[in-house]
Amino acid sequence: MVSAIPADQQNSSYRYLTVNGGTSEMSRSPNQSLLPLTAEVNQQEHLQVGGCDVPALVARFGSPLYVLDEQSLRTACRQYRQAFEHYYPGQALVLYASKAWSCLAVCAIATQEGLGIDVVSAGELVTALQAGAQPSQTYFHGNNKSMAELQLALESQCRVVVDNWYELRCLAQLTAEIAAPLTILLRLTPGIECHTHDYIRTGHIDSKFGFDPDQLEQVFGFVSQQPGLRCIGLHAHIGSQIFELQPHYDLAAVMVSWLQTAARYGLAMEELDIGGGLGIRYTEADDPPSIEAWVKTVCQGVVAACEASQQPLPRLLCEPGRSLIGTACVTAYTVGSQKTVPGIRSYVAVDGGMSDNPRPITYQSVYRVLAASRMAAPLSDTVTLAGKHCESGDVVITSAQVPPLIAGEVIAIPATGAYNYSMASNYNRVPRPAAVLVGGGDAHLIIRRETLQDLIRQDCLPDALGVSSEEGT
């Protein structure tokens, strides 16, 4: 691991290796590091992750390519789990919010590290269970679960986090005559604001998620009369990519007060799920709290609220996603065409873009770029790094500092583990990328690259539209 910038390389991709939130590699909080914990520069001055040369990975697996560092992911899982063991005197369970990146390998790692899984669709539920997650540690979220999804939840006996009246009444009907009641939690909107993008702020009252707190007693009264529903807890979530700690402390007091209200209706709430939301470092300007600091704040808030109201400590749950996997991944691209608009800007295109990373065009997200095949080259140019899609807004980075780039060379975008693969699309009928898991110098394929044939596999061509095989027709 390169621990300091060489004196003659201060204006090169080397500099991003030292942008982190701690001292030693494995003790620092992964969400505070711009790059995976194992990132380094090898003797060829190539970017290396998990002991694997990134340009060599592209030569082997193609590009774009998601490169996921196993050690960074496992370290983040352990830091969450160990922090709760240290700061919370009661029972706790960390759930991986798999919407950040749902695939068999990622869910299997989270499960191996002692985490439960948070899912929001039938697809994510099936993925989690096939990856080894226990139904009792799998929590099914979502604001519009279909009847088929609710039936699947019943059959799998996972936990269901009920979001609204429609879902609650559907479940009451589905469970009216079952032998064993379905275990549920109730999602409530806490009315807590935090500084993040409007699209990912979910705790304020004007949100599509959760029961309105003004309906609290009505909801508790209804649930208490449903023999097929066993309500064991409450859930709330205030947003995503949050750098503030105080809102999470405040959330604890609000949720504990809800437990008191539930008790008046005979509902013995055993669990309190305070959601997730801890942010990560996307650029050197970002300064998120550490995993430990976030967990400490949450635990102190819950303990203080329970002591003040003389209530026993609930089983405490949280649902990190981005802060577990975001900085564990880099996306490798191959440079293609270039265009200079005199006096305005220079464009450099890569072989991916909004189909493998829709966050810039969706959230105006900002990233950094590394010259993965020339980490020591001076960053002498400022260019707009553009995607290949037929969309003017398909821009990966507006003002990227790079060396003079050459067609065919490999660049890498850090912090692409969260919501990149999971939000990837086939826009312009572009196949979705492959993903590899790296560690100890080995690379294992965890997602195959889609082929052109994959793109038409689900297409149906009616006979009347069939293409004639006869010549001249």
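Up top is the structure these notes are about.
Keep in mind the model is a prediction, meaning the values are calculated, not measured. (Residues numbered from 1 in each chain as written. Predicted model: local features only at pLDDT ≥ 70, side-chain atom pairs only at ≥ 80, totals over all residues. Heavy atoms only, no water.)

(A) How the structure looks around the pairing of strand 14 (residues 345-350). Sheet analysis places strand 13 (residues 329-341) next to strand 14, joined by five bridges and oriented antiparallel. Within strand 14, the position partnered with Lys-339 by the bridge is Tyr-347. Hairpin connection between strand 13 and strand 14: a loop of three residues separates the two successive antiparallel strands, and Gly-343 in this loop has a positive phi of roughly 75°. Two strands pair when backbone bridges link them, and strand 14 and strand 15 (residues 381-386) are joined in this way by three bridges, in the parallel orientation. When the sheet's bridge partners are listed, Ala-349 is paired in strand 15 with Ala-386. (Pairing = 2+ DSSP bridges. Helix = DSSP H or I, 4+ residues; strand = E, 2+ residues; numbered from the N terminus.)

(B) Here's a closer look at the sheet that holds strand 3 (residues 52-53). The strand order across the open sheet formed by three strands is 1-2-3, and the pairing between neighbours is antiparallel. In the strand order of this sheet, the two ends are held by strand 1 (40-41) and strand 3, each with one partner. For strand 2 (residues 47-49) and strand 3, the ladder comprises two bridges, and the chain directions are antiparallel. When the sheet's bridge partners are listed, Gln-48 is paired in strand 3 with Asp-53.

(C) Here's a closer look at the pairing of strand 8 (residues 159-162). Of the two faces of strand 8, both are covered, the one formed by Arg-159 and Val-161 as well as the one formed by Val-160 and Val-162. Two elements, strand 7 (residues 138-140) and strand 8, share two bridges in a ladder whose sense is parallel. Following the sheet pairing, Phe-140 is matched in strand 8 by Val-160. Handedness of the crossover joining strand 7 and strand 8 through helix 5 (residues 147-156): right-handed. In this structure, strand 8 lies alongside strand 9 (residues 182-187), joined through three bridges in parallel fashion. Looking at the pairing, Val-162 lines up with Leu-186 of strand 9. Note on the crossover from strand 8 through helix 6 (residues 165-174) to strand 9: the handedness is right-handed. (Buried < 20%, exposed > 50% of the residue type's maximum accessible area, 1.4 Å probe, protein only. Right-handed = clockwise from strand over helix to strand, strands pointing away.)

(D) Fine view of the pattern of salt bridges. Within the structure shown, the criterion is met by 15 salt bridges. Residue Glu-167 pairs with Lys-145 through a salt bridge whose shortest N-O separation is 2.7 Å. One end of the pair, Glu-167, is in helix 6; the other, Lys-145, is in the loop between strand 7 and helix 5, with 22 residues separating them in the sequence. Each member of the pair, Glu-167 as well as Lys-145, carries the same accessibility label: buried. Across the pair Arg-281 and Asp-287 runs a salt bridge whose closest N-O atoms are separated by 3.9 Å. With relative accessibility at 7%, the residue Arg-281 sits in the buried group. Relative accessible area serves as the criterion here: at 57%, Asp-287 is assigned to the exposed category. (Salt bridge = Lys/Arg side-chain N within 4 Å of Asp/Glu carboxyl O.)

(E) Region of interest: a nonpolar patch on the surface. A cluster of nonpolar side chains, namely Leu-461, Leu-465 and Val-467, defines an oily patch on the protein surface of about 350 Å² accessible area. Take Leu-465: it is sitting in the segment after helix 12 (452-456). (Patch = residues over 30% accessible without salt bridge, like charges linked within 9 Å, V, L, I, M, F, W, Y side chains within 5 Å. Areas by Shrake-Rupley, 256 points an atom, 1.4 Å probe, with all protein chains shown as cover.)

(F) Molecular detail of the packing of helix 4 (residues 122-130) against helix 5. Where helix 4 meets helix 5, the axes come as close as 10 Å, and the angle between the chain directions of the two elements is 20°. The angle between helix 4 and helix 5 places the two elements in the roughly parallel class. As for how helix 4 packs across helix 5, the hand of that crossing is left-handed. From helix 4, Ala-122, Leu-125, Val-126 and Leu-129 reach across to helix 5, where they touch Glu-149, Leu-152, Ala-153 and Ser-156. Split into classes, the residues belonging to the contact of helix 4 with helix 5 amount to six nonpolar, one polar and one charged. (Axes fitted to C-alpha atoms, helices over the stretch in contact; angles between N-to-C directions. Parallel < 35°, antiparallel > 145°, perpendicular 65-115°, else oblique. Left-handed = near helix turned anticlockwise from the far one by under 90°. Contact = heavy atoms within 4.5 Å. Nonpolar A, V, L, I, M, F, W, Y, C, P; charged D, E, K, R; others polar.)

(G) Here's a closer look at the packing of aromatic side chains. Per the stated rule, a full pass over the model turns up eight aromatic pairs. Pairing Tyr-80 with Trp-294 gives two aromatic rings, centres 6.0 Å apart and planes at 75°, and the pair type is edge-to-face. Linking Tyr-80 in helix 2 (residues 70-87) with Trp-294 in helix 9 (residues 291-309), this pair joins segments that are 214 residues apart in sequence. The buried category is assigned to Tyr-80, whose relative accessible area is 1%. We classify Trp-294 as buried; its relative accessible area is 1%. Grouped by ring-pair contacts, the aromatic residues Tyr-66, Trp-101 and Tyr-421 constitute a single cluster. One cation-aromatic arrangement involves Lys-145 over Phe-140; the distance from NZ or CZ to the ring centre is 5.8 Å. (Phe/Tyr/Trp six-rings, centres within 6.5 Å; stacked < 30°, edge-to-face > 60°. Lys NZ or Arg CZ within 6 Å of the ring centre and 35° of its normal.)

(H) How the structure looks around the environment of Gln-48. Tracing the backbone shows Gln-48 in strand 2. Classification of Gln-48 by relative accessible area gives buried; the value is 14%. In this view, Gln-48 contacts Thr-38, Ala-39, Glu-40, Asn-42 and Asp-53; residues no more than four positions away in its chain are not counted.

(I) The arrangement of helix 5 in detail. Buried within helix 5 we find Glu-149, Leu-150, Ala-153, Leu-154 and Ser-156. Where helix 5 is buried, its residues touch helix 4, strand 7, strand 8, helix 6 and strand 9. Among the residues trailing helix 5, Gln-157 stands out with phi positive, at a value near 60°.

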